[in-house]
Amino acid sequence: MTVEIDISRFTNLAINAQEDGVWVVTLNRPTKRNALDIDTIEELVEFFSLAPRAGVKAVVLAGAGDHFCAGLDLIEHHDEDRSPADFMHVCLRWHEAFNKMEYGGVPIIAALQGAVVGGGLELASSAHIRVMDQTTYFALPEGQRGLFTGGGATIRVTDLVGKSRMIDMMLTGRVYKGQEASDLGLAQYIVEGSSLDKAMELARRAAENLPLSNFAICSAVSHMQNMSALDAAYAEAVVAGVVNTQPDARARLAAFADKSAARVRPDS
C-alpha cells in the first residue's frame, strides 16, 4: 500500500522531493550545527518509516550550513537532566531511527561537510553511502564529555574502522579528516567540490535500479551481516530467488542478451 509523506509535518528536517524519485532530507538546525535533539530524532523515525512505502527511490541526507551534524544536542541533554531510564529510552529512539535507515531498503547517500561528530557520525554511518568534502572531519569525543555512545557507534562505526580505532577515537578524541578518513572507510567518496552534488549524482544512479533490487541491497546485506555464515548463505539464496526472477528484470536481462545494454567499463 502506497502512503504519502506530508512534508508540512516536519520542522527540523527540510524535505524536498525531486521528480526522479530522489528525495533530499536536510537537517535544518544550522545554528546548532544540526545537533540532534529528540524532536529531530522523531522526525527521522517518521520519515524513514514512511519512505519505503511512499515511492521514495533514493534519499540524499544533508546538513544545512557549514556542518553535517555535531551529534547529540548537549544543551538539551543538560537541561533535561534525564534519569538513566529516560535516557535509555532516548537512545532506543535513536536506534529506531537509524535502524529504519539502514534496514529500510531505500538507498541513503549522506552528503557530509564540516563536523560529523559523535551522534552525527552514528547518523552518517547509518547511511549506505557517504560522500565527504574537504572540510569534513570525524570524531567521537564522548570520552572527553563524560559520555558513552548511545546511537549505534559501537556497532556501525566499529564495523567501518575496527575496534581498536573506535576505542582510540573515544579515549583520545582523535579526529580523522581528508584522505585518511576516506581510506579508513568513514566515507566511500571524497570530493574537491560539493559533497551534495556528488551525493545527488549517486542517488540518481541508484534510483535507476529496480526498487526490489535496491531493497535487497540496502536491507538484506545488513541483515546477513548479523547472521552466521551458514544462515547468511541460506538467506542470500532465498533473496536471490525472489529478486532475480522479478518480472521487471526480464527487459533488462533481454537487453543484456541482445547486447543493447550498456556494458561494465572501468571508467563507468
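Computed from a prediction, not measured in an experiment: that's the story for all the values here.

Caption draft 1: Examining the pairing of strand E2 (residues 22-27) more closely. Counting buried residues in E2 gives six out of six residues, a clear majority hidden from the surface. Neither face of E2 is exposed, since Val-22, Val-24 and Thr-26 on one face and Trp-23, Val-25 and Leu-27 on the opposite face are all buried. Bridge count between strand E1 (residues 13-17) and E2: five bridges; the pairing is antiparallel. Across the sheet, residue Ala-17 finds its bridge partner in E2, namely Trp-23. Note that E2 and strand E3 (residues 58-63) share six bridges and pair parallel. Opposite Val-25, over in E3, you have Leu-61 as the bridge partner.

Caption draft 2: Main features of the sheet that holds strand E7 (residues 137-139). Taken in spatial order, the three strands of this open sheet run E5-E7-E8, and their pairing is mixed. In the strand order of this sheet, the two ends are held by strand E5 (115-117) and strand E8 (176-177), each with one partner. As paired elements, E5 and E7 share three bridges and run parallel to each other. Each bridged residue has a counterpart across the sheet, and for Ala-115 the counterpart in E7 is Tyr-137.

Caption draft 3: Layout of a negative patch on the surface. Taken together, the side chains of Asp-79, Glu-80, Asp-81 and Asp-86 make up a negatively charged region of the molecular surface. The partly exposed category is assigned to Asp-86, whose relative accessible area is 43%.

Caption draft 4: Inspection of the side chain of Glu-76 at higher detail. In this fold, Glu-76 is placed in helix H2 (residues 74-80). Taking the relative accessible area as the measure of exposure, Glu-76 reaches 17% and is therefore buried. A polar contact is formed between the side chain of Glu-76 and the backbone nitrogen of Ile-38, at a distance of 3.3 Å. Dropping the residues within four chain positions of it, Glu-76 is found in contact with Asp-37, Ile-38 and Arg-82.

Caption draft 5: Just the nonpolar core, in detail. With 51 residues, the main nonpolar core has Leu-36, Phe-47, Leu-123 and Phe-138 as its most contacted residues. Non-local contacts of Phe-47, meaning those with residues more than four positions away in its chain, are made with Ile-5, Phe-10, Ile-15, Trp-23, Val-25 and Val-59. Grouped together as the second largest cluster of nonpolar side chains are 14 residues, Val-60, Ile-109, Ala-111 and Ala-207 included.

Caption draft 6: Representation of the packing of aromatic side chains. Under the defined criterion, the tally for this structure stands at four aromatic pairs. Where Trp-23 meets Phe-47, the ring centres are 5.9 Å apart and the plane angle is 50°; that geometry is what we call tilted. Placement of Trp-23 in strand E2 and of Phe-47 in helix H1 (residues 38-50) is noted, with a sequence separation of 24 residues between them. Judged by relative accessible area, which is 11%, Trp-23 ranks as buried.

Caption draft 7: Summary view of unusual backbone geometry. In this structure, Arg-33 is a non-glycine residue whose phi angle is positive, near 55°. A positive phi angle is found at Asn-34, which is not glycine, with a value near 60°. Within the fold, Asn-34 resides in the loop between E2 and H1. According to the relative accessible area criterion, Asn-34 is buried, its value standing at 1%.

Analysis parameters
Residues numbered from 1 in each chain as written. Predicted model: local features only at pLDDT ≥ 70, side-chain atom pairs only at ≥ 80, totals over all residues. Heavy atoms only, no water. Buried < 20%, exposed > 50% of the residue type's maximum accessible area, 1.4 Å probe, protein only. Helix = DSSP H or I, 4+ residues; strand = E, 2+ residues; numbered from the N terminus. Pairing = 2+ DSSP bridges. Patch = residues over 30% accessible without salt bridge, like charges linked within 9 Å, V, L, I, M, F, W, Y side chains within 5 Å. Areas by Shrake-Rupley, 256 points an atom, 1.4 Å probe, with all protein chains shown as cover. Salt bridge = Lys/Arg side-chain N within 4 Å of Asp/Glu carboxyl O. Lys, Arg positive; Asp, Glu negative; His and termini not counted. Charge placed at Lys NZ, Arg CZ, Asp CG, Glu CD. Polar contact = N/O pair within 3.5 Å; in protein donor to acceptor, adjacent residues only side chain to side chain. Contact = heavy atoms within 4.5 Å. Core = buried A, V, L, I, M, F, W, Y, C linked by side-chain atoms within 4.5 Å. Phe/Tyr/Trp six-rings, centres within 6.5 Å; stacked < 30°, edge-to-face > 60°.

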